[in-house]
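Remarks on the overall topology
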Amino acid sequence: SRTSTNSIHLSVPELTASVTGFVSALTKAPPRNLDEINNRAKLLYEALITPVEGSLNRDAVIFIVPDKILNIVPFGALVSPQTGRYFVEDYVFGVAPSSNLVIKGSDRATARGGQRNESALVIGNPSFDLARFPLLPDLPAAAREAESVAGLYGAAPLIGVNAQANRVKARMPEADVIHFAGHYVADERSPLLSKLLLSKTAGQDADGVLTASEVYRINLNRARLVVLSACTTGVERYYRGEGAIGMARPFIEAGAPLVVASLWPVESEPTSRLMIGFHKHRKLDRMNAVRALRQAQLDM
């Protein structure tokens, strides 16, 4: 095989300003300035993609290993100045913390491949502790999402009070596919205390959450896919921090070859449509997860 290296040199302050400006324009509350978003998307594409575009294979899966500020770039939303097309329209890609994890995840996925009926653990809109998180809303769309996704795998979803923390933790090592649709709360001071909100276990002192530190201790050597369809609506100023992507790392370390997660807090309704479409393409059209997510994005 042939290996080649292309280097491009960028000003860190300018790149940081460009990335933060794009993300701010993209994520601020409506009405958004679409012209500004488009222009910023083109500038970033020209800085990050154009210099290496001649080396990119449109028929292969490309893995991006971002560093520092690039971790918050939604690469699929970058726009080619030449064609006006989104990056996701022309390329199939995933994101990884390191090139070693790309190799490790690929080896895990290959080892767990082959045809078999997949067991799915699907959690939707858990009845979390309202006294502890009074600003977080109920997510009925997440419950509907869980029902639809579970139906594709012939599974019974854990919804509302049934999504008890002890039940979820006990079933995770037995699942091929784990799908969580609910709230994620980041802890900026102690990332290991960032958590997925679940339902309390009746009659016990369990706190009704799954923390990042707990995920590290779970054996996920059976899992093929983890989906963190984690939402928060209108509470970003109270629960700041990175999106569910921060919770992806513990799942990967615990043994999952691939995690689908959001870069920042997202709205429940469109996320549900995207996730249902993703699982349909993966399960019914037999696409791999990277291509299935891309197709669901293109559908929307």
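Turning our eyes to something else, we now look at the packing of helix 9 (residues 268-283) against helix 10 (residues 289-299). Angle between the axes and distance between the axes are the two parameters that describe a pair of packed helices. Relative to each other, helix 9 and helix 10 sit at 135°, their axes nearing to 8 Å. The pairing of helix 9 with helix 10 is recorded here as oblique in orientation. Between helix 9 and helix 10 the crossing geometry is right-handed. Here Leu274, Met275, Gly277, Phe278, His281 and Arg282 of helix 9 lie close against helix 10, whose contacting residues are Ala289, Ala292, Leu293, Gln295, Ala296, Gln297 and Asp299. Across the contact of helix 9 with helix 10, the residue classes break down as 7 nonpolar, 4 polar and 2 charged.

Another point: the environment of Thr16. One can find Thr16 in helix 1 (residues 12-27). Sequence separation between Thr16 and Ala142 is 126 residues; the distance between their C-alpha atoms is 34 Å.

Put simply, helix 1 and helix 2 (residues 34-48) touch, their axes get as near as 9 Å, and they point 145° apart. For the element pair helix 1 and helix 2, the recorded crossing hand is left-handed. Residues Leu15, Ala17, Ser18, Val19, Gly21, Phe22, Ala25 and Leu26 of helix 1 form the contact with helix 2, whose participating residues are Glu36, Ile37, Arg40, Ala41, Leu44 and Leu48. The residue makeup of the contact of helix 1 with helix 2, split by class, is 10 nonpolar, 2 polar and 2 charged.

For the protein, per-residue confidence averages 89 on the pLDDT scale, and 92% of positions sit at 70 or higher. Between residues 232-242, whose pLDDT stays under 50, and residues either more than four places distant or in other chains, the model counts 26 contacts.

For the rest of this paragraph, the subject is the side chain of Arg108. Relative to the elements of secondary structure, Arg108 occurs in helix 4 (residues 99-111). Despite its burial, Arg108 remains without a salt bridge, the nearest opposite charge being carried by Glu253 at 6.1 Å. Side-chain polar atoms of Arg108 contact the backbone oxygen of Ala256, separated by 3.1 Å. In contact with Arg108, not counting residues within four places along its chain, are Ile252, Gly255, Ala256 and Pro257.

Below, the discussion takes up the pattern of salt bridges. Oppositely charged side chains can pair when the atoms bearing their charge come close. Under the defined criterion, the tally for this structure stands at 13 salt bridges. The partner of Glu36 in a salt bridge is Arg40, and the shortest N-O contact between them spans 3.0 Å. Remark: Arg40 and Glu36 occur in helix 2; sequence separation between them is 4 residues, near one turn of the helix. A relative accessible area of 28% means that Arg40 is categorised as partly exposed. What emerges from the salt-bridge pattern is a single network uniting Glu53, Arg58, Arg85, Glu89 and Asp90.

Cut-off values and rules
- Residues numbered from 1 in each chain as written.
- Predicted model: local features only at pLDDT ≥ 70, side-chain atom pairs only at ≥ 80, totals over all residues.
- Heavy atoms only, no water.
- Axes fitted to C-alpha atoms, helices over the stretch in contact; angles between N-to-C directions.
- Helix = DSSP H or I, 4+ residues; strand = E, 2+ residues; numbered from the N terminus.
- Parallel < 35°, antiparallel > 145°, perpendicular 65-115°, else oblique.
- Left-handed = near helix turned anticlockwise from the far one by under 90°.
- Contact = heavy atoms within 4.5 Å.
- Nonpolar A, V, L, I, M, F, W, Y, C, P; charged D, E, K, R; others polar.
- pLDDT = per-residue confidence, 0-100.
- Buried < 20%, exposed > 50% of the residue type's maximum accessible area, 1.4 Å probe, protein only.
- Lys, Arg positive; Asp, Glu negative; His and termini not counted.
- Salt bridge = Lys/Arg side-chain N within 4 Å of Asp/Glu carboxyl O.
- Polar contact = N/O pair within 3.5 Å; in protein donor to acceptor, adjacent residues only side chain to side chain.

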